[in-house]
Amino acid sequence: MPDLLVTSLSGLRAYQTALATTSHNIANVGNESYTRQRVELDARVPAKYGSSFIGQGVDVTDITRIYDRFIVENMRLFTSSTSSLTTLQELATRVESMTASENSGLTSAMDNFFGALSDVANNPSSSAPRIALLGAAEILEQRFSALGDALQQLDQEVDNRIVYQINDINALTSEIASINSA
């Protein structure tokens, strides 16, 4: 037969923990960063007595934080989305500045090339427009080459960022694994 004092003592200890948690919640009522806690209680395994069972008290199984999981998950998603969109915007701005620049972009070089091409078409027998066309073609080729090199450097930078992030994730995973094993 279960001990009446042990059963009563388990209830007293469990509710003493619940009162301490309630006290802790009240003490932190003005703290914005505090998350309210709740004590989870569970009945102990009952003892068989004849053909029936008699309870043996209660245990504190957990003290859980009370928070809105939906809000926390949405905050994680939005933070992740904001971070990735910020990176995408930064890279897109850099590509735009490369291609739209007057000195290194393609627009002015292509305008000059097609203008020189039009001059050759309007005056095919003259050698001056042909020489100008060759110069404009060379400048356009240099711009394409420089732009290609800049885009390759940007591609390499993105690859390096990805490798860095993977290494960072692997390091954090290793730390979590060592903490779990400890």
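One structure accompanies this document, and this report is about it.

Basis of the calculations
- Residues numbered from 1 in each chain as written.
- Predicted model: local features only at pLDDT ≥ 70, side-chain atom pairs only at ≥ 80, totals over all residues.
- Heavy atoms only, no water.
- Phe/Tyr/Trp six-rings, centres within 6.5 Å; stacked < 30°, edge-to-face > 60°.
- Patch = residues over 30% accessible without salt bridge, like charges linked within 9 Å, V, L, I, M, F, W, Y side chains within 5 Å.
- Areas by Shrake-Rupley, 256 points an atom, 1.4 Å probe, with all protein chains shown as cover.
- Salt bridge = Lys/Arg side-chain N within 4 Å of Asp/Glu carboxyl O.
- Helix = DSSP H or I, 4+ residues; strand = E, 2+ residues; numbered from the N terminus.
- Core = buried A, V, L, I, M, F, W, Y, C linked by side-chain atoms within 4.5 Å.
- Buried < 20%, exposed > 50% of the residue type's maximum accessible area, 1.4 Å probe, protein only.
- Contact = heavy atoms within 4.5 Å.
- Axes fitted to C-alpha atoms, helices over the stretch in contact; angles between N-to-C directions.
- Parallel < 35°, antiparallel > 145°, perpendicular 65-115°, else oblique.
- Left-handed = near helix turned anticlockwise from the far one by under 90°.
- Expected span 1.5 Å × (residues − 1).
- Arc of directions from axis to C-beta.

### Overview of the packing of aromatic side chains
Line of reasoning, step 1. This model, assessed by the stated rule, comprises one aromatic pair.
Line of reasoning, step 2. Judged by centre distance (5.4 Å) and plane angle (70°), the rings of F113 and F114 are edge-to-face.

### Some details on a nonpolar patch on the surface
Line of reasoning, step 1. Side chains of Y15, L41, V60 and I63 sit close together on the surface and give an oily, nonpolar patch of about 330 Å² of accessible area.
Line of reasoning, step 2. Mapped onto the elements, L41 comes out in strand 1 (residues 37–43).

### Observations regarding the nonpolar core
Soluble, globular proteins show a tendency: their nonpolar side chains are buried together.
Line of reasoning, step 1. Counting residues in each nonpolar core, the largest one holds twelve residues, listed as L91, M98, L106, A109, F113, A116, V120, L133, A136, L140, L147 and L154.
Line of reasoning, step 2. Among the secondary structure elements, those contributing two or more residues to this core are helix 2 (69–100), helix 3 (107–122) and helix 4 (127–181).
Line of reasoning, step 3. The contact partners of A136, leaving out residues within four places of it in the chain, are N112, F113 and A116.

### Brief notes about the packing of helix 3 against helix 4
Line of reasoning, step 1. It is at 8 Å that the axes of helix 3 and helix 4 come closest, and there the two elements cross at 160°. Here helix 3 is positioned roughly antiparallel relative to helix 4, judged by the angle of their axes. In this structure, the crossing between helix 3 and helix 4 has a hand that is left-handed. The segment helix 3 lies against helix 4, with S108, A109, M110, N112, F113, A116, L117, D119 and V120 engaging P129, R130, A132, L133, A136, A137, I139, L140 and R143.

### A look at the environment of F144
Line of reasoning, step 1. Tracing the sequence through the fold places F144 in helix 4.
Line of reasoning, step 2. It is 7.2 Å that separates the C-alpha atoms of F144 and L106, two residues lying 38 residues apart in sequence.

### Some thoughts on helix 3
Think of an α-helix as turning once every 3.6 residues; residues three or four places apart then point the same way.
Line of reasoning, step 1. End to end, helix 3 covers 22 Å across 16 residues, agreeing with the expected 22 Å (1.5 Å per residue, within 8%).
Line of reasoning, step 2. Of all the residues in helix 3, the buried ones are S108, A109, F113, A116 and V120. Angular distribution of buried residues about the axis of helix 3 spans 140°; they occupy a single face of the element. Set apart from the buried face of helix 3 by more than 90 degrees, the exposed residues are T107, D111, A121 and N122.

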